[in-house]
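# Structural overview for review
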Amino acid sequence: MKDTIKQKLNALVERYEEVEQLLSEATVISDQEQFRNLSKEHARLLPLTNDFKEYLQLLDDIGAAEELRSSDDPEAKTLGEEESGILAMKIQSKEEILMTYLVPVDPDDKANLYLEIRTGTGGDEAALFAGDLFRMYKRYADNNKWKVEVLSLSEGDHGGYKEIISRVVGKGAFAKLKFESGAHRVQRVPETESQGRVHTSACTVAILPESENIGDIEIDPNDLRVDTYRASGAGGQHVNKTDSAVRLTHMPSGIVVECQDERSQHKNKARAMSLLAARLKDAEVKRQEDETAERRRNLVGSGDRSERIRTYNFSEHRVADHRINLTLYKLNEILEGDLDQLVDPLSREHQAEQLSEISV
């Protein structure tokens, strides 16, 4: 392990000891917010501190084993060689664990999210594919015991959706799905295709973290146009007698959001404001990422909405993620919500890229 890495880890251990001391002070104990924040930091740094102390002990142990290896006593030399080999593997394993503590924590990883699916090229077939994607994510959310709330939708003429926007609520939702943003492509023979030709259609998926406090995003009320209208359920089965649905237009950016999920206009407006804040935050993050694109070299893609990230080929039962060159012949399983086969490799690749940048 490089000295610079050891210095970073040592600094975090020192911070842990400092926090531990602060938590015992009366002034901190009497300040509930400060005490709560320091307690969270203490809990976060505790595993790192324990692992780093174990790592330092392993270095001492291998030093002693190396002394045995240089002994003139054959038995001691053999014992030293055996111990050195075992300790070297333990040290390597512990170094890998310690490196993960230095990976920057995404502050949005614990956030709920907004899932937006829109049709791209392909007309009716793209709308059907949008329906397949929403069902896939809904099944995945159910598997993780997350709640899915549909905020607004526009149905396709022959099924599926031209657009569907939903809110996903659950622990670790954004951390799991944040790499799903991008263009998803489907290759299959439509039911209306008499000659059996494969058609290619596409949908765009956007995953936006929900801000815990929309006050963090400044939205001038004078920049908003608020429209209300009557909400209707799928297929016109339900029509409100009051104008409860809300559409917000943010004039400077041109972003339009709407919500018709709740019966209350007030609740719909609050949900729409939250979605607008998430869209504005996402736009700002993307702008900053574009400014530093040459420095990022992110192996899992930039998240650009026009980037083709994945292809679903029905005739070959194949799903290919183009960012990490991963191909799985498990199309049915994935469409039924078994997304961890894609999500986990993407997360590992992202972490490996971050670790490589730390090690430079």
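Up top is the structure.
Report on the accompanying structure. (Residues numbered from 1 in each chain as written. Predicted model: local features only at pLDDT ≥ 70, side-chain atom pairs only at ≥ 80, totals over all residues. Heavy atoms only, no water.)

## A word on the overall build of the protein chain
Worth spelling out the cut-off: Segments assigned H or I by DSSP are reported as helices when at least four residues long, segments assigned E as strands when at least two residues long, and all are numbered from the N terminus. Burial classes: relative accessible area under 20% of the type maximum marks a residue as buried, over 50% as exposed, and values in between as partly exposed (1.4 Å probe, protein chains only). In this analysis, two residues are considered to be in contact whenever any of their non-hydrogen atoms come within 4.5 Å of each other.
Looking only at helices and strands, the protein chain features 10 helices and 11 strands. Counting over 360 residues, the protein chain shows a buried share of 40%. In the protein chain, the share of contacts with a sequence separation of at least 24, taken over all contacts with a separation of at least 6, comes to 60%.

## Observations concerning the sheet that holds strand β6 (residues 224–229)
Spelled out, the test is: Each pair of strands is called paired provided DSSP finds at least two bridges between the two strands. Axis lines are fitted to C-alpha atoms, over the contacting stretch for helices. Their N-to-C directions set the angle, which ranges from 0 to 180 degrees.
If you walk across this open sheet you meet the three strands as β6-β7-β8, and the pairing is antiparallel. With one partner strand each, in any of the chains shown, β6 and β8 (255–259) form the two edges of the open sheet. Put simply, the sheet's adjacent strands are angled 15° from each other on average, direction ignored. Bridge count for strand β7 (residues 245–250) against β8 is five bridges, and the pairing is antiparallel. By the bridge assignment, leucine 248 is partnered in β8 with valine 257.

## Examining the packing of helix α3 (residues 32–69) against helix α4 (residues 74–101)
Quick reminder of the rule: To sort the angles, those under 35 degrees are grouped as roughly parallel, those over 145 as roughly antiparallel, those from 65 to 115 as roughly perpendicular, and the leftovers as oblique. The crossing is said to be left-handed when, going from far helix to near helix, the turn is anticlockwise and less than a right angle, and right-handed when the turn is clockwise.
Viewed as axis vectors pointing N to C, α3 and α4 meet at an angle of 160°, and their least axial separation amounts to 8 Å. By the criterion of interaxial angle, the relationship of α3 to α4 is roughly antiparallel. Of the two possible hands of crossing, α3 and α4 adopt the one that is left-handed.

## Section: α4
Here is the rule we go by: Expected helix span is taken as 1.5 Å per residue step, with the number of steps being one fewer than the number of residues. Polar contact is defined as a pair of N or O atoms within 3.5 Å, subject to the rule that within protein one atom must be able to donate a hydrogen and the other to accept it, and that residues adjacent in sequence are counted only when both atoms are side-chain atoms.
Along its 28 residues, α4 runs 41 Å from first to last C-alpha, staying within 8% of the 40 Å computed at 1.5 Å per residue. Among the residues of α4, those classed as buried are Ala76, Gly80, Ser84, Leu87, Ile91, Lys94, Leu98 and Met99. Residue aspartate 73 occupies the N-cap position of α4, its side-chain oxygen lying 3.0 Å from the main-chain nitrogen of glutamate 75.

## As for the pattern of salt bridges
Heads up, the rule is: Any Lys or Arg side-chain nitrogen located within 4 Å of an Asp or Glu carboxyl oxygen qualifies as a salt bridge.
Scanning the model with the defined rule gives 29 salt bridges in all. Of the charged contacts, one joins arginine 135 and glutamate 336 as a salt bridge, the two residues approaching to 3.1 Å between their closest N and O atoms. A residue pair is termed long-range when its members are at least 10 positions apart, and arginine 135 in helix α5 (residues 124–143) and glutamate 336 in the loop between α9 (331–335) and α10 (340–359) qualify at 201 residues. Aspartate 142 is the partner of lysine 138 in a salt bridge, and the nearest nitrogen-oxygen pair spans 3.1 Å. Linking lysine 138 with aspartate 142, this pair stays in helix α5, spanning four residues, or about one helical turn. Residue classification places lysine 138 among the partly exposed residues on the basis of a relative accessible area of 31%. One network of salt bridges, in which partners are shared, links Lys147, Glu149, Arg167, Glu210 and Arg271.

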